[in-house]
Amino acid sequence: MASISPLSFVSSVNASAIKTSSSSLFPKGRQSHVAATKVSCNASNEEASNGIAHGNRRDVLIGLGGLAGAAGFAYNPFAFAAPVAPDLQACGLPTLPAGAKPVKCCPPASTKIIDFEFPKNQPLRVRKPAHKVTGDDLVKYKEAIKAMRELPDDDPRSFTQQAAIHCAYCHNSYHQVGFPDKDLQVHYSWIFLPFHRWYLYFYERILGSLINDPTFALPFWNWDHPDGMEIPSIFTDRRSSLYDPLRNANHQPPVLVDLSWNRNGPDTSGDVDANLSLMYTNFVEVKAPLNFFGNAFRAGDTPYTVKTGAGTCESVHNTLHTWSGDRTQPNGEDMGSLYSAGRDPLFYCHHSNVDRMWNLWKSFGNKDITDPDFLESNFLFYDENKNLVRVKTKDCLDSVKLGYDFEKVPIPWAKTKPKARRTKAERAQKPLTTKSVDLPLTLEENKLVSTVVKRPRRSRSRKEKDEREETLVLEIEFDRRKPIKFDVLLNEEEDAQFATPKNREFAGSFVNVSHTQKSSALKTELAFKIGITEKLIDLEADDDDSVVITLVPQYGDGVIVKGIKIDYEDC
Ligand code: C2O
């Protein structure tokens, strides 16, 4: 793994050496708080299209990024680290999907970057469920968004610029510090949760400052509770600043959210029990941090390889994007496509709940990832005073330290454990007949595929199970421009109707939200992982040598399954 920790601001000779060396030393005592350099993001089209800025500007920025990567460590000449970081200097035009209006996503220029410091003497901001936001709170929220919409487009706090942040970090505008040919993608890996937490942190503080209320807190779309399982009505008033016309017209209240929505199926209102069961499956029993957060993504990594992949939290969140966006738009805009999602105020409210899931998951006794490359990964945001701030993942692990928390509301899904459709005895009466199939195989809509996967271990002790989560790993390739979903079932082979989260046999769903990156590299690979320790116990299948896996393609053709295996992930 290449590391990005140059000794100092480097010359172009050093810069190229850094790209290829397999390790480097950390600088001693280089901890400047304000790294002064002219930062400009108005890359020309040519720069944007090849993703590389030229000459000295870039060298200086590599130096900056190296500082960013290393500053959190005590000086240790033998340490290796490769936290990912965006290269603002080389920010360019995004690669947009067909039919999208051209937009620029890079933030305005700044002459300096400051390192994040925790806010002092701030009142705690308490985020409330959006369906309970009324009265004064609602007036303030609408006022704040209205004020944000009224800021000129080139103000980094403006509605346009805030929306563009999401586009820049997921549509190929940013490349990685030290790796000009590597895109930065904040989805499908462990940086998903910290990136979005920081994004909302600044968004919330900007809104608060626009209405002069330091207690202002971003509501959360409480889609995990029956009372919150519809688009919150505060977003549907056409005269309100919270309204966005580009949403699915069939999914307006009182239609319930369907957390396992099948885009091509009958578009019925969601089922509360199915939603709660799905929440249980994805949030209660997943213990291994990498299965919850997503796979590692380090500096120099290429997005979309089988090393990457979303965790359960991101996967569940994906369906709400696709479900909310306007299907009559070319790419499901706004929520249904990553470049445009930030244009809908609902997006931030949705992510506020995603962020809450992180806190809840930890409240169940689970732990954050401790890998330094996770902790040191860093991002850039403008704050409420228009300062460009560099933030690190390690500073956002505790939301209360950041000055906000969530109102405690009941979580009925914590106890909604799905039931096995068939007991072991029932399975014995009609035994599974699936044989293992040859890979790779290509999924076609509505055609089920079953195969047998050998388990390296069976009947592990409780201690072993608690230490390492048995994990089903699907290595897949797909076209990321398409919305895609397939469900994964355990010890089922018969019928797509059994693909409901209400059954214990339902293991999870792979979901892709439409997006593009480099048009020349549409091949998207990743590992989709599902923790199955508890599921196999409940299916009375923990003593079996193998497990039958059935893939149920729901929408989006052409997923190539290249590998299916069982692995063990540290808890
Ligand atoms: Cu950056 Cu909900 O996605």
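Residues numbered from 1 in each chain as written. Predicted model: local features only at pLDDT ≥ 70, side-chain atom pairs only at ≥ 80, totals over all residues. Heavy atoms only, no water.

Outline the sheet that holds strand β16 (residues 546-555), listing residues and values.
Ordered in space as β11-β16-β13-β14, the four strands form an open sheet in which the pairing is antiparallel. Edge positions in the sheet fall to β11 (449-454) and β14 (506-512), since each has one partner strand and no second. Averaged over all pairs of adjacent strands, the angle between strand axes in this sheet comes to 25°, irrespective of strand direction. Relative to β16, strand β13 (residues 484-490) is paired through six bridges, and the arrangement is antiparallel. Within β16, the residue paired with Val-488 across the bridge is Leu-551. Its contacts with the sheet place helix α9 (residues 312-324) against β14 and β16, and it is angled at close to 55° to β14. (Pairing = 2+ DSSP bridges. Helix = DSSP H or I, 4+ residues; strand = E, 2+ residues; numbered from the N terminus. Axes fitted to C-alpha atoms, helices over the stretch in contact; angles between N-to-C directions. Contact = heavy atoms within 4.5 Å.)

Go over the pattern of salt bridges with me, naming the residues and quoting the values.
Applying the stated criterion across every chain, the model contains 43 salt bridges. Of the charged contacts in the structure, one is a salt bridge between Glu-475 and Lys-565, with a shortest N-O distance of 3.6 Å. One end of the pair, Glu-475, is in strand β12 (residues 468-479); the other, Lys-565, is in strand β17 (residues 560-570), with 90 residues separating them in the sequence. Here Lys-565 falls in the partly exposed class, since its relative accessible area comes to 37%. (Salt bridge = Lys/Arg side-chain N within 4 Å of Asp/Glu carboxyl O. Buried < 20%, exposed > 50% of the residue type's maximum accessible area, 1.4 Å probe, protein only.)

I'd like to hear about the environment of Leu-246, residue by residue, with values.
Within the fold, Leu-246 resides in the loop between α6 (192-210) and α7 (272-284). Each C-alpha atom of the pair Leu-246 and Arg-343 lies 9.4 Å from the other, and the pair is 97 residues apart in sequence. For Leu-246, the residues in contact, after removing those within four places along its chain, are Asp-326, Gln-329, Glu-333 and Asp-334.

Give a description of the side chain of Asp-183 that names residues and reports values.
Mapped onto the elements, Asp-183 comes out in strand β6 (residues 179-183). At a separation of 3.2 Å, a polar atom in the side chain of Asp-183 contacts the side chain of His-175. (Polar contact = N/O pair within 3.5 Å; in protein donor to acceptor, adjacent residues only side chain to side chain.)

Please set out the state of the cysteines residue by residue, giving values where relevant.
What the rule picks out here adds up to two disulfides. Each disulfide pairs two cysteine sulfurs, and for Cys-91 the partner residue is Cys-106, the sulfurs being separated by 2.0 Å. Across the S-S bond linking Cys-91 and Cys-106, the dihedral sits near -95°, which makes this disulfide left-handed. Pair noted here: Cys-91 is in the loop between β2 (86-87) and β3 (110-115) and Cys-106 is in the loop between β2 and β3, with a separation of 15 residues, a long-range link. For the pair formed by Cys-91 and Cys-106, the shared burial category is buried. A sulfur-sulfur separation of 1.8 Å characterises the disulfide bridge that pairs Cys-105 with Cys-167. As the torsion about the S-S bond is roughly 55°, the Cys-105-Cys-167 disulfide counts as right-handed. Here Cys-167 lies in helix α5 (residues 159-170) and Cys-105 lies in the loop between β2 and β3, a separation of 62 residues in the sequence. (Disulfide = S-S within 2.5 Å.)

Can you explain the sheet that holds β6? Please cite residues and give values.
Taken together, three strands build an open sheet; the order of strands is β2-β5-β6 and the sheet is antiparallel. Two strands bound the open sheet, and with one partner strand each, they are β2 and β6.

Residue-level account of the packing of aromatic side chains, with values.
The tally for this structure, following the rule as stated, stands at 38 aromatic pairs. Summarising the aromatic geometry, the rings of Phe-292 and Phe-293 are spaced 5.5 Å apart at their centres and angled 90° between planes, so their arrangement reads as edge-to-face. With respect to class, Phe-292 is no different from Phe-293; both count as buried. Centre to centre, the rings of Phe-347 and Tyr-348 are 4.9 Å apart; their planes meet at 85°, and the pair counts as edge-to-face. The exposure classification of Phe-347 matches that of Tyr-348, with both residues buried. In this structure, Arg-149 packs its charged tip against the face of Phe-159, placed 4.1 Å from the ring centre. (Phe/Tyr/Trp six-rings, centres within 6.5 Å; stacked < 30°, edge-to-face > 60°. Lys NZ or Arg CZ within 6 Å of the ring centre and 35° of its normal.)

So what's going on with the confidence of the model for the protein? Which residues, and what values?
When pLDDT is averaged along the protein, the result is 86, and 85% of the positions lie at 70 or above. Note that residues 1-79 has pLDDT below 50 and, in this model, 161 contacts with residues that lie over four places away or in other chains. (pLDDT = per-residue confidence, 0-100.)

I'd like to hear about unusual backbone geometry, residue by residue, with values.
A cis geometry characterises the amide bond from Pro-253 onward to Pro-254, with omega recorded as 10°. Tracing the sequence through the fold places Pro-254 in the loop between α6 and α7. For Tyr-304, which is not glycine, the phi dihedral falls at a positive 65°. Accessibility expressed as a relative area gives 7% for Tyr-304, which makes it buried. For Glu-540, which is not glycine, the phi torsion reads 55° and is therefore positive.

Account for a nonpolar patch on the surface, naming residues and giving values.
There is a patch of nonpolar side chains on the surface, built from Leu-124, Val-126 and Val-400 and spanning about 220 Å² of accessible area. Note that Val-400 resides in the loop between β8 (388-392) and β9 (404-406). (Patch = residues over 30% accessible without salt bridge, like charges linked within 9 Å, V, L, I, M, F, W, Y side chains within 5 Å. Areas by Shrake-Rupley, 256 points an atom, 1.4 Å probe, with all protein chains shown as cover.)

Please set out the pairing of β17 residue by residue, giving values where relevant.
Across two bridges, strand β10 (residues 441-442) lies against β17 in antiparallel orientation. Paired with Leu-441 across the two strands is Val-561, which belongs to β17. In this structure, β12 lies alongside β17, joined through ten bridges in antiparallel fashion. Each bridged residue has a counterpart across the sheet, and for Val-473 the counterpart in β17 is Lys-565.

How would you explain the packing of helix α4 (residues 135-150) against α6 if you had to name every residue and give the values?
As a packed pair, α4 and α6 sit with axes 8 Å apart at the nearest point and diverge in direction by 95°. It follows from the interaxial angle that α4 and α6 lie roughly perpendicular. Mapping the contact onto sequence places Ala-144, Ile-145, Ala-147 and Met-148 in α4 and Tyr-203, Ile-206, Leu-207 and Leu-210 in α6. Of the residues that constitute the contact of α4 with α6, the class distribution is eight nonpolar, no polar and no charged. (Parallel < 35°, antiparallel > 145°, perpendicular 65-115°, else oblique. Nonpolar A, V, L, I, M, F, W, Y, C, P; charged D, E, K, R; others polar.)

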